[in-house]
Amino acid sequence: MENGYKGELMETLLLISALFSWCLILCLAAAILLLGRTQVALARQLEELEITASSNSPLRGKPAPPFHLSTLDGRQELDLDGFQGRVVLVFFLSPSCVHCQRFLKMMSTLLPQLYVQQIAVIGISDGDPASMLHLVGELEVGFPILQEEQWQVSRRYGVLGRPWGIAIDAAGIVRGNGPVSSQEQITGLIQTVVPDWKMPPTSAKLRQISGSTGLVREAAK
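(A) How the structure looks around the nonpolar core. Grouped together as the largest cluster of nonpolar side chains are 31 residues, with contacts concentrated most on Phe 91, Met 107, Leu 114 and Phe 143. If you list the elements that add at least two residues to this core, you get β3 (88–93), α2 (98–116), α3 (129–139) and α5 (183–191). A per-element tally of this core places α2 first, with nine residues. Core analysis: the next-biggest nonpolar cluster, separate from the first, contains 21 residues, Val 90, Ile 124, Leu 146 and Ile 166 among them.

(B) Representation of the side chain of Ser 154. With respect to the element layout, Ser 154 can be found in helix α4 (residues 152–156). The exposure class of Ser 154 is buried, given its relative accessible area of 1%. Looking at Ser 154, its side chain comes within polar contact range of the side chain of Arg 162, at 2.9 Å. Not counting the four nearest positions on each side in its chain, Ser 154 is found in contact with Phe 92, Glu 148, Val 159 and Arg 162.

(C) Representation of the side chain of Asp 126 within the structure. You can see Asp 126 is positioned in the loop between β4 (120–125) and α3. The exposure class of Asp 126 is buried, given its relative accessible area of 12%. Here Ser 94 takes part through its side chain, which lies 3.0 Å from a polar atom of the side chain of Asp 126. At 2.9 Å, the side chain of Asp 126 and the side chain of Trp 151 are in polar contact. Residues within four places of Asp 126 in sequence aside, it is in contact with Leu 93, Ser 94, Pro 95, Gln 147, Glu 148, Trp 151 and Arg 162.

(D) Main features of the environment of Gln 117. Relative to the elements of secondary structure, Gln 117 occurs in the loop between α2 and β4. With sequence-adjacent residues up to four places away left out, Gln 117 is seen in contact with Val 194 and Trp 197.

(E) Quick look at α3. When α3 is considered as a whole, its buried residues turn out to be Met 132, Leu 135 and Val 136. Projected down its long axis, α3 carries its buried residues within an arc of 100°, all on one side. Exposed positions of α3 whose direction lies more than 90 degrees from the buried face are His 134, Gly 137 and Glu 138. Those residues of α3 that are buried are in contact with β3, α2, β4 and β5 (145–147). Once α3 ends, the next one or two residues include Glu 140, with phi positive near 55°.

(F) Representation of the packing of aromatic side chains within the structure. By the definition in use, this model includes three aromatic pairs. Both rings, one in Phe 91 and one in Phe 103, keep their centres 4.7 Å apart while their planes meet at 55°; by these two values the pair is tilted. You can see Phe 91 sitting in strand β3 and its partner Phe 103 sitting in helix α2, a full 12 residues away along the chain. Its relative accessible area of 0% is what places Phe 91 among the buried residues. An aromatic cluster of at least three residues, connected via ring pairs, comprises Phe 67, Phe 92 and Tyr 157. The ring of Trp 151 carries Arg 162 above its face, with NZ or CZ at 4.2 Å from the centroid.

(G) Examining the pairing of strand β6 (residues 164–168) more closely. Burial within β6 is extensive, with five of its five residues counted as buried. Burial of the side chains of β6 extends over both faces: Trp 164, Ile 166 and Ile 168 are buried on one face and Gly 165 and Ala 167 on the other. Bridging between β6 and strand β7 (residues 174–179) involves five bridges; their strand directions are antiparallel. What sits directly across from Trp 164, in β7, is Pro 179.

(H) Region of interest: the sheet that holds β5. Pairing is mixed across the open sheet formed by seven strands, whose spatial order is β2-β1-β5-β4-β3-β6-β7. Taken across any chain shown, the strands that pair with only one partner, and hence form the sheet edges, are β2 (77–79) and β7. With direction set aside, neighbouring strand axes in the sheet form an average angle of 30°. By the bridge criterion, three bridges tie β4 to β5 in an arrangement that is parallel.

Rules used throughout
- Residues numbered from 1 in each chain as written.
- Predicted model: local features only at pLDDT ≥ 70, side-chain atom pairs only at ≥ 80, totals over all residues.
- Heavy atoms only, no water.
- Core = buried A, V, L, I, M, F, W, Y, C linked by side-chain atoms within 4.5 Å.
- Buried < 20%, exposed > 50% of the residue type's maximum accessible area, 1.4 Å probe, protein only.
- Helix = DSSP H or I, 4+ residues; strand = E, 2+ residues; numbered from the N terminus.
- Polar contact = N/O pair within 3.5 Å; in protein donor to acceptor, adjacent residues only side chain to side chain.
- Contact = heavy atoms within 4.5 Å.
- Arc of directions from axis to C-beta.
- Phe/Tyr/Trp six-rings, centres within 6.5 Å; stacked < 30°, edge-to-face > 60°.
- Lys NZ or Arg CZ within 6 Å of the ring centre and 35° of its normal.
- Pairing = 2+ DSSP bridges.
- Axes fitted to C-alpha atoms, helices over the stretch in contact; angles between N-to-C directions.

In structure tokens:
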């Protein structure tokens, strides 16, 4: 009889243990789900904050702050004044930014069309120049990328993150600025200076029309 009592006690303890384990699993699952939703909500809030901040930027409608920087390898220097009379797109990047890598891949399909319309494209990078040089070579980036130190140019342009774009019209006035992590954002930025600009249908068609490699390299010089 004592053995039967012990058996029942063990079964009860095992049942309680199993119930406790299931409760713990359910609590962990709920916590993970809540954390995921919180991260999504925070990401949306951050994007809304970036869009709001960029749309309300005091820089819009004013002359673009000048800059004079060296290329990543230090062999050449470029300044904004050298692009007077042309529409200029300035993109702020970082070698450690995952979104920047995706942005550079998207830009490779847009450059031929931008250059056909005489739109200049400049990149400004922070971080390690060697890392960005490696990324540029790997992705065959076709526009010049300059190196800034301690965000000195980023601060002048009110950059809130990376990748971040600035659109400057032919008169040197800032017309658009904001995040450029998606095709929609890139299109919206370009349309602040070229209202009728449209995203090209396919990268293959663009390469066929422009013979992209030669055009991009020549325009980036």
